[in-house]
Amino acid sequence: MNASHGPYVSYGDAGGSGRKEEEVRRLLDTPPAPLPADLAPRATVLGTRLLHRRRALRRVGWAVLLVAAVAFTVWAAVVEPWSVPPAATTPEIDGW
């Protein structure tokens, strides 16, 4: 094992992987970036806003679907599209 890098085994510089490993180690060794103090409250406000927007859109969608179903039902009751349409012409009457 390579003592300078802990339990990692180095197999030489195969295609520049040593440079990549060093960059990764450097990134992992740096402390994380500080977070804003108001991050949690801002995230909560944004999440609440998105939740309310989704809920409102869902309610509007259901309302539109309900209105469409009622309109279709009224149209079908008035027009009765399943019934046979009346004949365009009357049959000729013989014998008059």
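The structure reproduced in this document is the subject of the present report. Just so we're clear, the structure is a prediction, and the values are computed from it rather than from any experiment.

Along its length, the protein carries 2 helices and 0 strands. Relative to its full complement of 96 residues, the protein shows a buried share of 3%. Carbon and sulfur atoms make up 67% of the accessible area of the protein, which amounts to about 9,200 Å² in all.

This paragraph deals with a positive patch on the surface. A cluster of basic residues, Arg 54, Arg 55, Arg 58 and Arg 59, forms a positive patch at the surface. Structurally, Arg 54 is set in helix H2 (residues 39–79).

Turning to H2, a few remarks are in order. In this model H2 runs 59 Å from its N-terminal to its C-terminal C-alpha over 41 residues, within 8% of the 60 Å that 1.5 Å per residue would give. Positive backbone phi, at 50°, marks Glu 80, one or two positions downstream of H2.

A word on the pattern of salt bridges. Where charged atoms from two side chains of opposite charge come close, those side chains can pair. Taken as a whole and assessed by the stated rule, the structure comprises 3 salt bridges. Salt-bridge contacts for Glu 23 lead to Arg 19; the nearest nitrogen and oxygen are separated by 3.1 Å. Residue Glu 23 and its partner Arg 19 are located together in helix H1 (residues 17–29), separated by 4 residues, close to a single helical turn. Overall, Arg 19 belongs to the exposed group, its relative accessible area being 52%.

Calculation rules
- Residues numbered from 1 in each chain as written.
- Predicted model: local features only at pLDDT ≥ 70, side-chain atom pairs only at ≥ 80, totals over all residues.
- Heavy atoms only, no water.
- Helix = DSSP H or I, 4+ residues; strand = E, 2+ residues; numbered from the N terminus.
- Buried < 20%, exposed > 50% of the residue type's maximum accessible area, 1.4 Å probe, protein only.
- Areas by Shrake-Rupley, 256 points an atom, 1.4 Å probe, with all protein chains shown as cover.
- Patch = residues over 30% accessible without salt bridge, like charges linked within 9 Å, V, L, I, M, F, W, Y side chains within 5 Å.
- Salt bridge = Lys/Arg side-chain N within 4 Å of Asp/Glu carboxyl O.
- Lys, Arg positive; Asp, Glu negative; His and termini not counted.
- Charge placed at Lys NZ, Arg CZ, Asp CG, Glu CD.
- Expected span 1.5 Å × (residues − 1).

Structural measurements only, silent on function.
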